[in-house]
Amino acid sequence: MKSTTIRKVLIANRGEIALRIVRACAEYNIRSVAVYTEPDRYGLFVKRASEAYSLGEDPLAGYLDPLRIVNLAVETGCDAIHPGYGFLSENPELARLCELKGIIFIGPSAEVIQRMGDKTQARIAMTEAGVPVTPGTDGNLDSVEQALTEAERIGYPVMVKATSGGGGRGIRRCDDADDLRKQFPRVISEATKAFGSAEVFMEKCIVNPKHIEVQVLADSHGNVVHLFERDCSIQRRNQKLIEIAPSPQIGEELRARLGELAVKAAEAVGYCSAGTVEFLLAGDEVYFMEMNTRIQVEHTITEQITGVDIVREQLRVAEGKELSYRQQDINYRGYAIQLRINAEDPKNDFLPSFGRITHYYAPGGPGVRVDTAIYTGYEIPPYYDSMCLKLVVWALTWEEVVARAQRAIDDMRLHGIRTTANYYQQILKHEDFQNRHFDTSFVARHPELSRYSDKRHPSDVALAVSAAIAAYAGW
Ligand code: ADP
Ligand code: ADP
Ligand code: MG
């Protein structure tokens, strides 16, 4: 591929990831174009981009309309589109339209997105490449009868999963035949509602595994490297809450094996751009689970331990340039933890808690990075993901990074909404977490952690008073 220069990028996303891309563009001397729907008019990403255009009143329609977005890119003189995560990032239609209209899509080819976005296709591709996959069905399931037969073969417990699923939705564990009969139609209905596809398949349920994923980067010249792994085992309902790089629970030998497997997976499908290969780990057994063909929410922690700017590399390889690094240039140092601070009330079954941020004071000090698009006075719209801030900390040792995460939460002031910050404080204090001993069942096994009581969870009145004092005092 001939290399070109990207001068202007349209960012087909919102919130913190849109701002992350704006920042990468600014540092790489590229103009950025934000697009937003009206509820997002006051978003920080809109203010910080070089230009911004409205996609209309509807909170979501504009973000989900590939043709409109590609046309806008053409009209505003953009050379490229960055899709971020969620929304259209794994929609092959956007990549295809870009190709058709002469816009560079910052990601892999439409064909690779399509193949890896279909979890059964991905399983087939990986099996062919010699990457071990979670035992399961060869294809999709046509009926509950077929599901029951397959489950007998695979052995309970099993997982029924949406073939085009993502974001932890459309996944249900079934412990026996009765359970499977009950859950099967539920997954189909969830999959149809959330992903517009009724396709489901089955995997063996790996009991209490660790979720370990490997960041890969590839260019259009056939170079593929990995940037080590992330441990995303701290999850609630199959959704990641806290991520760590590298995993404090694995040794160098397994680390090297995972890296090699991820590179093999990416090479097998002709991957280009940043991607993540997700594995389940049971003891020393490694199973491929899925590949995400986009920038991931938790790319931050890999950046902190390797020093590689992953979004910048995405921009470079989209220009047809070679990766800036060969495998032997990439090292990691220390540990990084990301806390996905969500606008949710842990004491009330994690009910979303949207509204106006009456007061926000960012944490800082050594080893602290905050990726967010919120600010004091900003009103979090109720239409989108509840994640409102990514608090990322880095330190040389595991003990230090855990202590630093706790200190950073204490540093932060975020008033006006409920968040998961103090809940994470309880996880960070737990001895199993501190002793590097946790898997995907940790959160469910410790419901008591969400019932903490502390002075840092004041009443609404106290919150209002402290916000008023803060506003008056100007801090
Ligand atoms: P990551 O895989 O980067 O850790 P998540 O799984 O938390 O991130 O997903 C990030 C965002 O993208 C969430 O808002 C999630 O709902 C959305 N998302 C992920 N996959 C899909 C999908 N297949 N369809 C629709 N939305 C998705
Ligand atoms: P998504 O596309 O929504 O991210 P994944 O296939 O990556 O879905 O699975 C999300 C999470 O669900 C995993 O991190 C893991 O905790 C759980 N999970 C998925 N498949 C299995 C399985 N076969 N056995 C045990 N847990 C699983
Ligand atoms: Mg996943």
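Note that the coordinates shown come from a computational prediction; the quantities given were computed from them, not determined experimentally. (Residues numbered from 1 in each chain as written. Chains lettered and ligands numbered in written order. Predicted model: local features only at pLDDT ≥ 70, side-chain atom pairs only at ≥ 80, totals over all residues. Heavy atoms only, no water.)

1. With respect to the overall build of the protein
Logical step 1: Counting its secondary structure elements, the protein contains 16 helices and 22 strands.
Logical step 2: For the protein, whose C-alpha radius of gyration is 22 Å, the value lies close to the compact-globule estimate of 23 Å for 475 residues.
Logical step 3: Taken along the three principal axes of its C-alpha coordinates, the protein extends 65 × 55 × 45 Å.
Logical step 4: Per-residue burial for the protein yields a buried fraction of 57% across its 475 residues.
Logical step 5: A sequence separation of at least 24 residues applies to 67% of the contacts in the protein between residues at least 6 apart.
Logical step 6: Roughly 19,600 Å² of accessible area belongs to the protein as shown, and the carbon and sulfur atoms make up 48% of that amount.
Logical step 7: Seen as two clouds, the 55 positive and the 64 negative side-chain charges of the protein have centres 5 Å apart. (Helix = DSSP H or I, 4+ residues; strand = E, 2+ residues; numbered from the N terminus. Rg over C-alpha atoms; globule rule 2.2 N^0.38 Å. Buried < 20%, exposed > 50% of the residue type's maximum accessible area, 1.4 Å probe, protein only. Contact = heavy atoms within 4.5 Å. Areas by Shrake-Rupley, 256 points an atom, 1.4 Å probe, with all protein chains shown as cover. Lys, Arg positive; Asp, Glu negative; His and termini not counted. Charge placed at Lys NZ, Arg CZ, Asp CG, Glu CD.)

2. Section: the coordination of the magnesium ion (ligand 3)
For a metal with four donors in a tetrahedral arrangement, the ideal angle between donors is 109.5 degrees, while six donors in an octahedron ideally sit at 90 or 180 degrees.
Logical step 1: Those protein atoms acting as donors to the magnesium ion (ligand 3) are Glu278 (OE) and Glu290 (OE), and they sit at 1.9 to 2.1 Å. Within this pair, whereas Glu278 is found in strand β12 (residues 273–282), its partner Glu290 is found in strand β13 (residues 285–292), the two being separated by 12 residues in sequence.
Logical step 2: On the basis of relative accessible area, Glu278 is assigned to the buried category, the value being 3%. (Donors = N, O, S within 2.8 Å, 3.2 Å for Na, K, Ca; no water.)

3. So, the sheet that holds strand β19 (residues 368–372)
Logical step 1: Strand order in the open sheet made by the eight strands is β13-β12-β9-β10-β11-β14-β21-β19, with antiparallel pairing throughout. Every interior strand has two partners, whereas the edge strands, β13 and β19, have only one. The mean angle between the axes of side-by-side strands here comes to 25°, regardless of whether they run parallel or antiparallel.
Logical step 2: Pairing of strand β14 (residues 335–342) with strand β21 (residues 387–395) involves eight bridges; the strand directions are antiparallel. When the bridges of β21 are listed, Ile337 appears paired with Val393.
Logical step 3: Sheet strands touched by helix α13 (residues 421–429): β10 (224–236), β11 (239–245) and β14. Its angle to β14, the strand with the most contacts, is close to 145°. (Pairing = 2+ DSSP bridges. Axes fitted to C-alpha atoms, helices over the stretch in contact; angles between N-to-C directions.)

4. A word on the site of ligand 1
Logical step 1: Close to ligand 1 lie 17 residues; Arg294, Gln296, Glu298, Arg340 and Asp385 are nearest.
Logical step 2: Here Arg169 contributes a side-chain N or O atom positioned 3.4 Å from an oxygen atom of ligand 1.
Logical step 3: With respect to ligand 1, the side chain of Arg340 contributes an N or O atom lying 2.7 Å from an oxygen atom.
Logical step 4: Summarising the interface, the protein chains cover 78% of the accessible area of ligand 1, which totals 550 Å² for the free molecule.
Logical step 5: For the shell around ligand 1, a count of residues per class yields three nonpolar, seven polar and seven charged. (Near = heavy atom within 4 Å. Polar contact = N/O pair within 3.5 Å; in protein donor to acceptor, adjacent residues only side chain to side chain. Nonpolar A, V, L, I, M, F, W, Y, C, P; charged D, E, K, R; others polar.)

5. Quick word on the sheet that holds strand β2 (residues 31–36)
Logical step 1: Spatially, five strands are ordered β3-β2-β1-β4-β5 in an open sheet, and the strand pairing comes out parallel. The sheet is open, and its two edges are formed by β3 (51–54) and β5 (104–105), each paired on a single side.
Logical step 2: Pairing geometry for β2 and β3, over four bridges, is parallel. Across the sheet, Ala34 pairs through a bridge with Ala52, a residue of β3.
Logical step 3: Contacting β1 (8–11), β2 and β4 (80–82), helix α1 (residues 15–27) runs over the sheet at an angle of about 175° to β1.

6. Side note on the pairing of strand β6 (residues 158–162)
Logical step 1: With five of five residues buried, β6 lies mostly within the body of the structure.
Logical step 2: Along β6, one buried face is formed by Val158, Val160 and Ala162 and the opposite face, lined by Met159 and Lys161, is buried too.
Logical step 3: Taken together, the four bridges between β6 and strand β7 (residues 171–174) define a ladder with antiparallel strand orientation. Its bridge partner being in β7, Val160 is matched across the sheet by Arg172.

7. Some points on the nonpolar core
Logical step 1: Within the largest apolar cluster, 59 residues are counted, with the highest numbers of intra-cluster contacts made by Val9, Leu10, Phe45, Ile81, Leu94, Leu217 and Leu315.
Logical step 2: Considering each element in turn, this core owes the most residues, seven residues, to α1.
Logical step 3: Residues from two domains meet in this core; each of domain 1 (8–106) and domain 3 (210–459) gives at least three.
Logical step 4: The contact partners of Ile81, leaving out residues within four places of it in the chain, are Val9, Leu10, Ala12, Ile69, Val70, Ala73, Leu94, Cys98, Ile103, Ile104, Phe105 and Ile106. (Core = buried A, V, L, I, M, F, W, Y, C linked by side-chain atoms within 4.5 Å. Domains from an automatic or database assignment.)

8. Re the packing of helix α5 (residues 110–117) against helix α6 (residues 119–129)
Logical step 1: α6 packs onto α5 with a crossing angle of 100° between their chain directions and a minimal axis gap of 5 Å. Comparing their axes, α6 and α5 come out roughly perpendicular. Residues Arg115, Met116 and Gly117 of α5 lie in contact with α6, whose contacting residues are Lys119, Gln121, Ala122, Ala125 and Met126.
Logical step 2: In terms of residue class, the contact of α5 with α6 is made up of four nonpolar, two polar and two charged. (Parallel < 35°, antiparallel > 145°, perpendicular 65-115°, else oblique.)

9. Looking at the site of ligand 2
Logical step 1: Around ligand 2, the structure places 22 residues, and the nearest of them are Lys119, Gly168, His211, Gln235 and Glu290.
Logical step 2: The side chain of Lys119 places a nitrogen or oxygen atom 2.7 Å from an oxygen atom of ligand 2.
Logical step 3: The backbone of Gly168 places a nitrogen or oxygen atom 2.6 Å from an oxygen atom of ligand 2.
Logical step 4: Compared with its free state, where it exposes 550 Å², ligand 2 has 96% of that area covered by protein.
Logical step 5: Every element with two or more residues in the shell around ligand 2 is listed here: β6, β8 (200–204), β12 and β13.
Logical step 6: For the shell around ligand 2, the residue count by class is six nonpolar, nine polar and seven charged.

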